[in-house]
Each structure stands twice: as structure tokens, then as C-alpha cells.
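Notes for the structure review
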2 protein chains.
Amino acid sequence: MPRVPKQQASTGCSVERALNLIDGKWKIVILYKLLRGTLRFNELRRLIPGVTQRMLTHQLRELEADGLIVRMVYAQVPPRVEYSLSARGRSLEPVLMALKHWGDTNLSSLEAKAA
Amino acid sequence: MPRVPKQQASTGCSVERALNLIDGKWKIVILYKLLRGTLRFNELRRLIPGVTQRMLTHQLRELEADGLIVRMVYAQVPPRVEYSLSARGRSLEPVLMALKHWGDTNLSSLEAKAA
DNA sequence: GCCCCTAGTGTCAAAAAGGATACCGTTATG
DNA sequence: CATAACGGTATCCTTTTTGACACTAGGGGC
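The rules we used
Residues numbered from 1 in each chain as written. Chains lettered and ligands numbered in written order. Predicted model: local features only at pLDDT ≥ 70, side-chain atom pairs only at ≥ 80, totals over all residues. Heavy atoms only, no water. Helix = DSSP H or I, 4+ residues; strand = E, 2+ residues; numbered from the N terminus. Contact = heavy atoms within 4.5 Å. Areas by Shrake-Rupley, 256 points an atom, 1.4 Å probe, with all protein chains shown as cover. Pairing = 2+ DSSP bridges. Axes fitted to C-alpha atoms, helices over the stretch in contact; angles between N-to-C directions. 1 Å grid on protein atoms, 1.4 Å probe; cavity = no way out; pocket = protein on both sides within 12 Å on 5 of 7 lines; lining within 4 Å. Points joined across faces, edges and corners; volume = space filled by probe spheres on them. Nonpolar A, V, L, I, M, F, W, Y, C, P; charged D, E, K, R; others polar. Buried < 20%, exposed > 50% of the residue type's maximum accessible area, 1.4 Å probe, protein only. Polar contact = N/O pair within 3.5 Å; in protein donor to acceptor, adjacent residues only side chain to side chain. Salt bridge = Lys/Arg side-chain N within 4 Å of Asp/Glu carboxyl O.

Now for the overall build of chain A. Each helix and strand in chain A was counted, giving six helices and three strands. Along the chain direction, N to C, the helices and strands of chain A fall in the order α-α-β-α-α-β-β-α-α. Here the analysis covers contacts within chain A between residues at least 6 apart in sequence; of these, 48% occur between residues at least 24 apart. On chain A, roughly 6,000 Å² of surface is accessible, and the fraction owed to carbon and sulfur atoms is 55%.

In C-alpha cells form, the structure reads like this:
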């Protein structure tokens with residue numbers, strides 16, 4: 001993603017601007033996983049096979065910067081960091097669910113075709 | 001996007017797989033614009049300021065390859081090429097509308113904050 | 001003492017995405 | 001004859017994204 005020269009992301013319509021916040025393959029998946037509740041870093045990692053530690057960290061930081069998730073650090077050893085959706089992030093639920101529904105419906109038939 | 005080593009995109013859940021089809025900043029916007037009906041190449045170009053000819057072509061080809069849009073070429077001079085949603089593409093409407101709704105709702109308040 | 005755990009960070013390099021620009025054929029228009 | 005319109009391609013180059021890998025702190029277990 002171009003991620004837009006920061007600041008002004010208002011190239012066009014609201015759809016376009018919305019995409020600037022949730023682009024990247026992992027972000028939507030992360031948000032989706034968090035719909036069910038708070039998760040720790042390594043829990044997310046296990047839930048999303050294929051994401052590397054660095055990528056996960058990056059995406060989480062961006063999501064946090066965009067105010068979609070909340071990061072809670074507990075001063076413990078070993079460290080404990082919990083991620084959860086912010087109100088803003090939770091407001092994405094309809095989008096995420098629509099996407100999941102579409103995936104469930106349209107990708108199974110695709111795979112059936114491909115198989 | 002990584003666009004996955006082609007072929008097997010089934011890393012994880014359906015959400016993740018769905019994203020492989022609609023990644024890229026422009027694709028969702030293109031699909032969204034096409035919701036309202038058939039559009040010609042240059043019409044799309046005008047509707048999506050910021051997209052270059054090359055990018056638009058690329059994205060349209062991928063959308064076509066994924067069966068989300070239909071490309072109709074009319075043997076005329078000057079050339080006439082029309083793009084429209086396939087049934088599969090149209091099935092994304094709930095997702096697109098949810099995204100637009102979210103953008104309208106959550107980005108206006110964001111910008112108000114930023115302003 | 002040594003290794004493991006968590007939740008990272010840093011660096012390097014590869015891969016991918018994206019942008020700029022030039023060019024194509026054909027017909028109409030000036 | 002030159003130019004413009006349409007819907008692209010081809011090429012080059014830069015920026016972004018991504019991955020691999022090593023490394024960190026501080027306590028607990030063996």
C-alpha cells in the first residue's frame with residue numbers, strides 16, 4: 001500500500017479513505033480475530049499462521065495509531081500485552097462480518113470449482 | 001499485497017482468503033464504482049482520480065481474472081470497452097456498502113477531529 | 001550456568017507495488 | 001498534414017512492503 005503521504009488521505013470518496021485505514025492483508029484479519037475479544041500478542045500470532053513477528057508488530061502499531069485497537073501493557077515478567085478493539089475498531093464489525101460472510105459463501109464454491 | 005504465490009491462497013480463514021481477491025487500494029474502489037452500472041475505461045479513470053492508466057488496467061485485469069468483473073470489448077474505432085460487475089462481483093455489494101457506510105460515519109468524525 | 005518464555009526491536013535484503021513516460025493503431029476532425 | 005480520442009502496452013525507476021534472521025530484558029525451571 002501506498003499508505004498515502006500520511007496526513008491527507010482524502011483522495012476521493014469515503015470508501016477510498018476507509019481503505020487507507022484497513023489496507024494490508026493482515027489488518028483486517030487481526031481486527032476480525034479481535035472481534036471475539038482481547039488477545040495477547042502470541043495468541044494473535046498463533047491465530048494467524050503466516051504472519052511474522054515483525055509484520056504483526058507493525059500492523060498492530062498502525063492499527064493502534066489509527067485508533068482501531070487498544071494496546072494494554074502489563075508490567076510483568078514475562079511481559080504481558082493485550083490487544084483489544086477500540087470503539088472505533090468495533091464499529092467495523094459489520095464490514096468484517098460482511099466480508100466473512102462473503103468469503104464463506106463465495107470462496108467455497110470457488111474452491112469447489114478449482115478442485 | 002503479497003498476492004500469495006498464486007494458486008493456493010488458503011492460508012487461513014475465509015476472511016483471509018477473501019482479502020486476496022480484493023486487496024490493492026484500487027480494486028474495492030473500482031468495484032464500488034461499478035455497483036452503479038457499467039462503465040468504460042476512461043469513465044473509471046475519471047471517477048477515480050489518482051489512479052494511473054497502468055494501475056487501472058492492472059487492477060481491472062486481476063478483477064477480471066478473479067471473475068469479479070466482466071470486460072466487454074466492442075470492435076469499434078475508437079475502441080470501446082465496457083466493464084461491469086459479474087454476479088460474483090455483485091455479491092460483494094453488502095461488503096462494499098458496509099465499507100462505505102463505515103467510511104461515511106467514521107471518517108467524517110475523524111476529519112473533524114483532525115481539522 | 002543455561003535455556004525458555006514473552007513481546008518485542010533492528011538490520012538487511014528481496015519482492016512487490018506503484019508512478020512516469022513514451023508508444024501503438026485507427027478513425028475523425030481541423 | 002497534424003492532432004485528438006480511446007484503450008490500452010512496454011519500459012524504467014522509485015517507493016513500500018514483506019520476509020529472514022539475529023538480538024534484547026528479566027525472571028523461572030532444570
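Following the structure, the description resumes.
Before going further, it helps to examine the sheet that holds strand S2 (residues 69–74) of chain A. Residues and elements named next belong to chain A. Within the open sheet, the three strands sit side by side as S1-S3-S2. Their pairing is antiparallel. The open sheet has two free edges, formed respectively by strand S1 (39–40) and S2, since each of these has just one partner strand. Sheet topology places S1 next to strand S3 (residues 80–85); two bridges connect them, and they run antiparallel. Across the sheet, the residue bridging to Leu39 is Tyr83, located in S3. Together, S1, S2 and S3 form the strand contacts of helix H2 (residues 25–34), whose direction differs from that of S3 by roughly 95 degrees. Across the sheet, helix H4 (residues 53–65) is in contact with S2 and S3; its angle to S2 comes to roughly 115 degrees.

Summed over the entire model, instances satisfying the criterion amount to one cavity of 30 Å³ or more. Empty space within the largest cavity amounts to approximately 40 Å³. Ile22, Ile28, Val95 and Leu99 of chain A together with Ile28, Val95 and Leu99 of chain B together form the lining of the largest cavity. Broken down by secondary-structure element, the contributors of at least two residues to the lining of the largest cavity are helix H6 (93–114) of chain A together with helix H6 (93–114) of chain B. Counted by class, the lining of the largest cavity contains seven nonpolar, no polar and no charged residues.

If you trace the backbone, Asn106 of chain A turns up in helix H6. Under the relative-accessibility criterion, Asn106 of chain A is labelled buried at 12%. A distance of 3.1 Å separates a polar atom in the side chain of Asn106 of chain A from a polar atom in the side chain of Ser91 of chain B. The residues contacting Asn106 of chain A, other than those within four sequence positions of it, are Arg88 and Ser91 of chain B.

Further remarks concern the pattern of salt bridges. Where charged atoms from two side chains of opposite charge approach closely, those side chains can pair. Scanning the model with the defined rule gives eight salt bridges over all chains in all. The closest approach of N and O atoms between Lys27 of chain B and Glu62 of chain B, which form a salt bridge, is 2.7 Å. In this pair, Lys27 of chain B sits in helix H2 (residues 25–34) while Glu62 of chain B sits in helix H4 (residues 53–65), placing the two residues 35 residues apart along the sequence. With relative accessibility at 24%, the residue Glu62 of chain B sits in the partly exposed group. Among the salt bridges present, the one from Glu82 of chain B reaches Arg80 of chain B, with a minimum N-O distance of 2.8 Å. Judged by its relative accessible area of 25%, Arg80 of chain B is partly exposed. Salt bridges sharing common partners tie together Asp23, Lys27 and Glu62 of chain A.

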